[in-house]
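# Coordinates in review
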Amino acid sequence: MATLHHDDIYQLMRAPIDMAVLARHVRAPEDGAIVTFDGFVRNQSHNRPTLYLDYEAYESMALAKMQEIGTQLHEKYRIHRVAMVHRLGRLEIGETSVFIAVSAPHRAAAFDACRFAIDTLKRTVPIWKKEYFADGAVWADGELPPAPVATPRAKPAS
Amino acid sequence: MRVLFFGRLKELTGGTEDSAEFADGTTIEQLFALYSARLPELAKYRSSVVPSRNQEFAAWDTPLRSGDEVAFLPPVSGG
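Computed from a predicted model, the values in this text were never measured in an experiment.

## Details of the overall build of chain A
Regarding its fold elements, chain A presents three helices and nine strands. Along the first, second and third principal axes, the C-alpha atoms of chain A reach 60 × 55 × 25 Å. The burial tally for chain A puts 30% of its 158 residues in the buried class. Within chain A, counting contacts between residues at least 6 apart in sequence, those at least 24 apart form 76% of the total.

## Description of helix α2 (residues 59–76) of chain A
For α2(A), spanning 18 residues, the distance from its first C-alpha to its last is 26 Å, which sits close to the expected 26 Å at 1.5 Å a residue. Residues of α2(A) that are buried include every one of A:Met61, A:Ala62, A:Lys65, A:Met66, A:Ile69, A:Gly70 and A:Leu73, and no others. Considering only its buried residues, α2(A) is in contact with β1 (9–13), β4 (48–57), β5 (82–87), α3 (107–124) and β8 (127–133) of chain A together with β3 (50–53) of chain B.

## Thoughts on the environment of B:Phe5
Residues and elements named next belong to chain B. Note that Phe 5 resides in strand β1 (residues 2–5). With 25 C-beta atoms packed within 10 Å, Phe 5 lands in the buried category. Measuring from C-alpha to C-alpha, the distance between Phe 5 and Ser 36 comes to 13 Å, with 31 residues separating the pair along the chain.

## Details of the pairing of strand β7 (residues 96–104) of chain A
All names here are of chain A. Here β7 lies mainly inside the structure; eight of its nine residues are buried. Of the pairings in the sheet, the one linking strand β2 (residues 33–40) to β7 comprises eight bridges and is antiparallel in character. Counterpart to Ala 33 in the pairing with β7 is Ala 104. With five bridges connecting them, β5 and β7 associate as antiparallel partners. Residue pairing across strands places Ala 83 opposite Ala 101, the latter belonging to β7.

## Here we look at the interface of chain B and chain A
Chain B puts 21 residues into the contact, and the matching count from chain A is 29 residues. The residue inventory of the side of chain B that touches chain A, partitioned by class, reads 11 nonpolar, eight polar and two charged.

## A look at the sheet that holds β7(A)
What links the strands of a sheet is backbone hydrogen bonding, and the strands pair in either a parallel or an antiparallel sense. All names here are of chain A. Ordered in space as β1-β5-β7-β2, the four strands form an open sheet in which the pairing is mixed. Either end of the sheet is taken by a strand with one partner, and the two such strands are β1 and β2. Along the sheet, successive strands turn relative to each other by an average axial angle of 5°, direction set aside. With respect to the sheet, α3 is in contact with β2, β5 and β7, its orientation differing from that of β7 by roughly 150°.

## So, unusual backbone geometry
The phi dihedral of A:His46 falls on the positive side, at around 50°, and the residue is not glycine. When you line up the elements, A:His46 lands in the loop between β3 (44–45) and β4. Residue A:His46 is classed as exposed on the basis of its 8 C-beta neighbours within 10 Å. With a phi close to 70°, B:Gln55 is a non-glycine residue in the positive phi region.

About the cut-offs
- Residues numbered from 1 in each chain as written.
- Chains lettered and ligands numbered in written order.
- Predicted model: local features only at pLDDT ≥ 70, side-chain atom pairs only at ≥ 80, totals over all residues.
- Helix = DSSP H or I, 4+ residues; strand = E, 2+ residues; numbered from the N terminus.
- Buried ≥ 20, exposed ≤ 12 C-beta atoms within 10 Å, placed from the backbone.
- Contact = placed C-beta atoms within 7 Å.
- Expected span 1.5 Å × (residues − 1).
- Pairing = 2+ DSSP bridges.
- Nonpolar A, V, L, I, M, F, W, Y, C, P; charged D, E, K, R; others polar.
- Axes fitted to C-alpha atoms, helices over the stretch in contact; angles between N-to-C directions.

Laid out in structure tokens, this is it:
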């Protein structure tokens, strides 16, 4: 395992996300920039009015994958702290489902890291949303995580 | 062995979290085939599912051991 960054926050939660607290958490005197991403529930999907969303996760793996993204962020970018929180359960229109805050001494790294974080989260973290409409519900079209190809065969004993 | 289904697969399998015993060396592919035999509708999701073993994405031909946790994951849609 790579270095754990103890000042980071990675969390799945059912209560509303307090964005101000998280943004404040990543802020430190040696930094000069914080970039945040606030993903929230849209009122329509493919032009159908959405009533609400319901999120579920493979919680232990999702948290591990979020921490893995954090490790990658620290390896790839000159950043300071990360806060990455995803909500689960029923979310109403306009409620924040995912929030990411990244602090850094300089803005470019914070922008790049925040973008990488949300893009990677959407591809690799096992979380699913079901969209509820007036006339039914559907699982949202998702992305297939990059699956490992076939495992190398063990050498036959000779 | 724990076998977990999520998203639409969870609904399809009745939200089960089976504790099941399989011979050591059974592959994830074979395990999925066993469940598909019991529940034919599962088979049509084979190409859109990614498996994990012990909370890491895994290849379909990964052999399993007792005590493993296997999950079948539909396309993820967090965010």
